[in-house]
Amino acid sequence: MIRAVIVMNTQGKPRLTKFYDYMPPEKQQELIRRVFGVLCSRAENVSNFVEADSVFGPDTRLVYKHYATLYFVFVFDSSENELAMLDLIQVLVETLDKCFKNVCELDIVFNYSKLHTILDEIIFGGQVLETSSAEVMKAVEEISRLETASNTITLVPKSISGWRS
Amino acid sequence: MGSSIMDSLFQRSLEDLIKGIRLNLLTEPTFISKSTDDIRREIKSTDLHTKSVALQKLTYLSALYGLDMSWAAFHVVELMSSSAFAHKKIAYLAAAHSFHAATDVSLLTTHQFRKDLNSANPFEVSLALHCFSIIATPHLARELTPEIFTLLSSSKPSIGKKAVAVILRVFSQYPDAARVCFKRLVENLESSDPHTLSAAMGVFCELAVKDPKSYLPLAPEFYRILVDSRNNWVLIKAVKIFGKLAPLEPRLAMRVVEPICEYMRKTGAKSLMFECVRTVVTSLAEYESAVKLAVVKIRELLVDDDSNLKYLGLQALTVVAPKHLWAVLENKEVVIKSLSDADPNIKLESLRILMVMVSERNVAEISRVLVNYAIKSDPEFCNEILGSILSACSRNVYEIIEDFDWYVSLLGEMSRIPHCQKGEEIEHQLIDIGMRVKDARLQLVRVGRDLLIDPALLGNPFLHRILSAAAWVSGEYVEFSKNPFELMEALLQPRISLLPPSIRAVYVQSAFKVLIFCLHSYLFYRETIACSPSSPDNFVSESKCPGSDSAIVAADCQQDEVFNPRASNQSFEDASTEDVEDITVTHAQIPNSASLGKDGFTHESIGNLLNLIEVALGPLSGSREVEIQERARNVLGLIELIKQELPGLVKKEGNFEREGLKFPKIIELMHDAFSKELGPVAANAQERVPIPDGLILRENLGDLEMICGNDQLPTSSSFSFGIPHSKEKVGLPQSKGESSEASTESTSLLAEHRKLHGLYYLPSEKNDVSNDYPPANDPKLQDNLNDDAKDLVKLTEQSLLQKKKPNHAKPRPVVVKLDEGDEAPIAAKKLELKEDLLSGAVRDVLLGNEAVSTSQSNLTDKSSSKRRGKEKLNTDHPSGPKEVLGDVGNPNMGNPSSRRSKHHGHGKERRHRSPRKKEKEREENGQKDKQKSSHRHNRHKSRQRAEGPNNVVTQTPLIPDFLL
């Protein structure tokens, strides 16, 4: 399964973190720092895998991709295929690109909750559930519609609120 | 109330917060703590919108800035119950981020989860499932199993796939859920929705990795998917599952090897191709043709420009290497070139492959080339290389080492590599070899001397542990030393003040041993040798080759253990002359310039030695380190005694007159004590010592630790049990011509050093010991990496193809091995209780145990099912151990299923997965009504009863029809 997804910039500031096993926040920060320590020392054009046993425990691998100012990092175990994970990062980035039209770091900074919505459509509890960015987009749009709808409803008295009826 | 309205009106949104943080980059911590104060106020608001925004901000800060948010758990639960989707989403995200096993309020979410899982809005269900997949506790999993069970056959694919995926968490928290949900999970393998199928395969892959045996009966399903599916994600999972199942069932392996090879040949997806390759080399390695194909594919990966593929190719090669060395040979050029790749992953992986190739035939050559690489590499990779050489060579008590003289010299050489940080490991091996391999001791002492004598090494803290080992070895095996005086000077040189106290203590102790040795030799042997009838041989040895004297002394020492010189002086003399002859033969050709002269142990030289020690150790007697102080004082005390009596020692007709003198006796006692041999100690030796009565080991020793913390000795060997010396002559290993060269070199170094610091024998001042020495060994940078690569290619060609062992000039020396427990005992693997429970439950379901029907039929009656679940948990505990698959055929082997089946009247259904039967089940399971399902199980039961007697006869086929 996938253990964690981390998006951080090239200065090591995390932009999105999702751990599929509970991890106390301080521990998460420490892991992110250590991952950054490894990534920033790596040259361009080298392989995208990093041995993560020392950071995340036995039977863990880490794959990352570097886009502009961002690192996309997936941590996973032996139940996943390394190259498939690399593809999955591609899927995530493509989806973000479609969502935000030429995604850049600022989009990711300011759309924290939308990012989670997108990620949750692709990965569920550490399992890959969707790999088509079109499908992800469809679901995300619908969820956003629901969100805005429910937000405007809360401004009127609760008794009326009601797609649920 | 007023403040609450103000909060809602002027609340910062998450976006405001993010902007704020970006604007206050320099004062970020203050800004965040101020925002947290705002959040703490806002989150208490009665207005749910205000609360939700506050919680959203808090989650953001917690996830990205590591803020603690456990205090807000109750607010999360509150917001979960909001009817607004936006609030729910925020709350579920916050819960997924911050709830864990110890969050007590998660108990309060049970009802909300149930409500949302039953919601008509699929997106709400999905939110709840998401959160559930991360935070479900055993309690939640047990309570909500019925809801998950229903969702497993949801008509909406977007829900169905998530319900399937959530099963993983449910099973891990509450294994008994398998009794309820497992069949439906299996049905999802036949789902028409590709996403659901993919999710189901994902779940089975995870389950099979943990406990493959339990899922063997599902092999036909997986096989169908392996053959039929066109989805690469699904195929990867299927291949992974078979990678786990195939080693358990050879017939299964035979069946799947063909389809897997087919995918390997034809697929365009590199990910699937690599998965097939990996599965073949790990799980199907005995299928020659499949492995050949896999190696062809590995080669494709290796020559690819994409470094990812190259890396994975090398990884696969590492797996193939132990069983199929030819695969590495075919690709050796790529492997060796990869050693100088820019990518650290690739370098490391190729190093691993090389280490797999190492055998007794080629260890010397490979190590030579690797050490040359190490000298030129960056510090990190350098130490990787050294580490792998050390671990490969010491594997299984130095199994692959034939020539210990070579290996010991290599250890010495490795110590001098500037980046070397493997001090601890080298220290351990030097001492370990000393204790285990008698024949290596001469070389050990030489290497140790060269290390000790080089003042430059003392400046490198990474080498201190090695120097400690060198000092210990030199002291313990001083009888092999060519020049004990020189050794003593090295042990007492002023720069040892750079060493940490624990190691200086070892130095002092070693100096003590050397002193005792010198005195003992002086008192007891010089005269015997001198007055022994001088045979021609002896004469030759003394005139031509003065170096052999120390060897004679060495031999004498050994003699000492055989014959007590006082008791049988006569025979001793005879034996020693014989020995001298022996030694002369081996040593006659070798000129030993740096060794002790004929008159090494003279009255004068001993006097000088005593002075040297006194001057060097004098200041240490006031040391604040108790270990140093005590040892130094012991030595000084002895010297004082000797100095009082030494003038009384007069030579009389070649023999010493020593009536009335105490110290020769003391020396003899000390010498006897020191020449008792230390042997290796089994790792479990301590365990075998019975604990004496009245000894309380569990008491808190915290205060003791504080007192003793400082004087832990670095050499564990100091604590070993003395193994009575086996009374035999030490065979003197041959010495090599180049060693004398090396020793002259370092002697001149020492001489230079003496010139530099005129006050060599005086205690040094602090300024004197600054680290002004050049590094011990400058890397030879002019060497070309490619040359090395070529060398290695060549040598591996030779050494790997060479089938015959080269004839060694001498046989492999004896290496002392302990019968048991050379390695630390591997702690017995603890069986994971939950996994066990799960596999028990899964097996029950797969083997059609009636337990399924009992808990399933009780689905509607929640209270009773709950109780039952608890009971089951209890009863399953004692019957933990995983049974072997074969045991399932024997119903009375005491596994949970069989035990329960006895209660239910031998209702084991073995031929469970026959296709006809499966169809029937599917029909039955298709009915989603709970009552009907319980009814179905009644039918099920009755049929089982009918089949009961047959089952007793047909016991074996667990994967029926399909394989036979």
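Residues numbered from 1 in each chain as written. Chains lettered and ligands numbered in written order. Predicted model: local features only at pLDDT ≥ 70, side-chain atom pairs only at ≥ 80, totals over all residues. Heavy atoms only, no water.

Turning our attention to the overall build of chain B. Tallying secondary structure elements over chain B gives 47 helices and 2 strands in all. Here chain B holds 964 residues, and the buried ones make up 56% of them. Restricting to contacts in chain B with at least 6 residues of sequence separation, those with at least 24 account for 74%. For chain B, the exposed surface amounts to about 43300 Å²; the carbon and sulfur share of it is 54%. (Helix = DSSP H or I, 4+ residues; strand = E, 2+ residues; numbered from the N terminus. Buried < 20%, exposed > 50% of the residue type's maximum accessible area, 1.4 Å probe, protein only. Contact = heavy atoms within 4.5 Å. Areas by Shrake-Rupley, 256 points an atom, 1.4 Å probe, with all protein chains shown as cover.)

All names here are of chain B. With 64% of its residues at a pLDDT of 70 or more, chain B has an overall mean of 74. Counting contacts from residues 758-785, a segment whose pLDDT is below 50, to residues more than four positions away or on other chains yields 46 contacts. Scoring of the predicted complex yields 0.67 for pTM and 0.92 for ipTM. (pLDDT = per-residue confidence, 0-100.)

Turning our attention to the packing of helix α1 (residues 25-40) of chain A against helix α4 (residues 48-65) of chain B. Between α1 of chain A and α4 of chain B, the least distance of the axes is 8 Å, while the angle of their chain directions is 45°. Taken together, the axes of α1 of chain A and α4 of chain B are oblique relative to one another. Residues Pro25, Gln28 and Gln29 of chain A of α1 of chain A form the contact with α4 of chain B, whose participating residues are Ser62, Ala63, Leu64 and Tyr65 of chain B. Here the contact of α1 of chain A with α4 of chain B is composed, by residue class, of 4 nonpolar, 3 polar and no charged. (Axes fitted to C-alpha atoms, helices over the stretch in contact; angles between N-to-C directions. Parallel < 35°, antiparallel > 145°, perpendicular 65-115°, else oblique. Nonpolar A, V, L, I, M, F, W, Y, C, P; charged D, E, K, R; others polar.)

Moving on: the sheet that holds strand β4 (residues 61-67) of chain A. Residues and elements named next belong to chain A. Here 5 strands make up an open sheet; going across it, the order is β2-β1-β5-β4-β3 and the pairing antiparallel. The strands lining the two open edges of the sheet, one partner per strand, are β2 (14-19) and β3 (49-51). Going across the sheet, the axis of each strand differs from the next one's by a mean of 20°, ignoring polarity. (Pairing = 2+ DSSP bridges.)

Glancing now at the pattern of salt bridges. The final tally for this structure, using the stated rule, is 46 salt bridges over all chains. For Lys138 of chain A, the salt bridge goes to Glu135 of chain A, with nearest N and O atoms at 3.5 Å. With Lys138 of chain A and Glu135 of chain A both in helix α6 (residues 133-153), this residue pair falls 3 residues apart, about one helical turn. For Glu135 of chain A, a relative accessible area of 34% translates into the label partly exposed. A salt bridge links Arg179 of chain B to Asp176 of chain B; its shortest N-O distance comes to 2.9 Å. When its relative accessible area of 1% is taken as the criterion, Arg179 of chain B is described as buried. For Asp176 of chain B, a relative accessible area of 6% corresponds to the buried category. Overlapping salt bridges bring together Asp59, Arg61 and Glu82 of chain A together with Lys240, Glu275 and Arg278 of chain B as one network. (Salt bridge = Lys/Arg side-chain N within 4 Å of Asp/Glu carboxyl O.)

Opposite the 64 residues of chain A that make contact, chain B presents 71 residues. Of the roughly 5600 Å² buried between chain A and chain B on both sides combined, carbon and sulfur atoms contribute 58%. Where chain A meets chain B, there are 8 salt bridges. Glu80 of chain A is the partner of Lys237 of chain B in a salt bridge, and the nearest nitrogen-oxygen pair spans 3.1 Å. Joining chain A to chain B, the criterion identifies 25 residue pairs in polar contact (both at pLDDT 80 or more). Of the residues that constitute the side of chain A that touches chain B, the class distribution is 27 nonpolar, 19 polar and 18 charged. (Buried area = accessible area lost by both parts, 1.4 Å probe. Polar contact = N/O pair within 3.5 Å; in protein donor to acceptor, adjacent residues only side chain to side chain.)

For any two helices packed against each other, one specifies the crossing angle of their axes together with the interaxial distance. Residues and elements named next belong to chain B. Interaxial distance between helix α13 (residues 219-228) and helix α14 (residues 232-245) falls to 9 Å at its minimum, and their mutual angle equals 140°. With respect to their mutual orientation, α13 and α14 come out oblique. At the point where α13 passes α14, the crossing takes the left-handed sense. Contacts between α13 and α14 involve Ala219, Phe222, Tyr223, Ile225 and Leu226 on the former and, on the latter, Val234, Leu235, Ala238, Val239, Ile241, Phe242 and Leu245. A per-class count over the contact of α13 with α14 returns 12 nonpolar, no polar and no charged. (Left-handed = near helix turned anticlockwise from the far one by under 90°.)

All right, on to the environment of Arg42 of chain A then. Relative to the assigned elements, Arg42 of chain A resides in the loop between α1 and β3. Dropping the residues within four chain positions of it, Arg42 of chain A is found in contact with Ser47, Phe49, Val50 and Tyr64 of chain A together with Asp343, Pro344 and Asn345 of chain B. Among the polar contacts made by the side chain of Arg42 of chain A, one reaches the side chain of Tyr64 of chain A at a distance of 3.0 Å.

Time to look at the nonpolar core. Ranked by size, the top nonpolar core spans 289 residues in total, and within it Phe74 of chain A together with Phe182 and Phe204 of chain B carry the most contacts. For this core, the element with the most residues is helix α29 (residues 501-524) of chain B, which contributes 16 residues. Both of domain 1 (211-284) and domain 2 (510-530 + 600-649 + 662-676) of chain B provide at least three residues apiece to this core. Apart from the residues lying within four places of it in its own chain, the contact partners of Phe204 of chain B are Phe182, Leu185, Val186, Leu189, Tyr215, Leu218, Phe222 and Ile241 of chain B. Core analysis: the second largest hydrophobic core is formed by 20 residues, Phe19, Phe56, Tyr64 and Tyr71 of chain A among them. (Core = buried A, V, L, I, M, F, W, Y, C linked by side-chain atoms within 4.5 Å. Domains from an automatic or database assignment.)

What follows is about the pairing of β2 of chain A. Residue and element names in this part refer to chain A. With 6 of its 6 residues buried, β2 lies for the most part within the structure. With 5 bridges joining them, strand β1 (residues 2-9) and β2 adopt antiparallel strand pairing. Considered in β2, the bridge of Val7 is made with Leu16. If you look at the hairpin formed by β1 and β2, you'll find 4 residues sitting between the two strands, and Gly12 has a positive phi there, around 90°.

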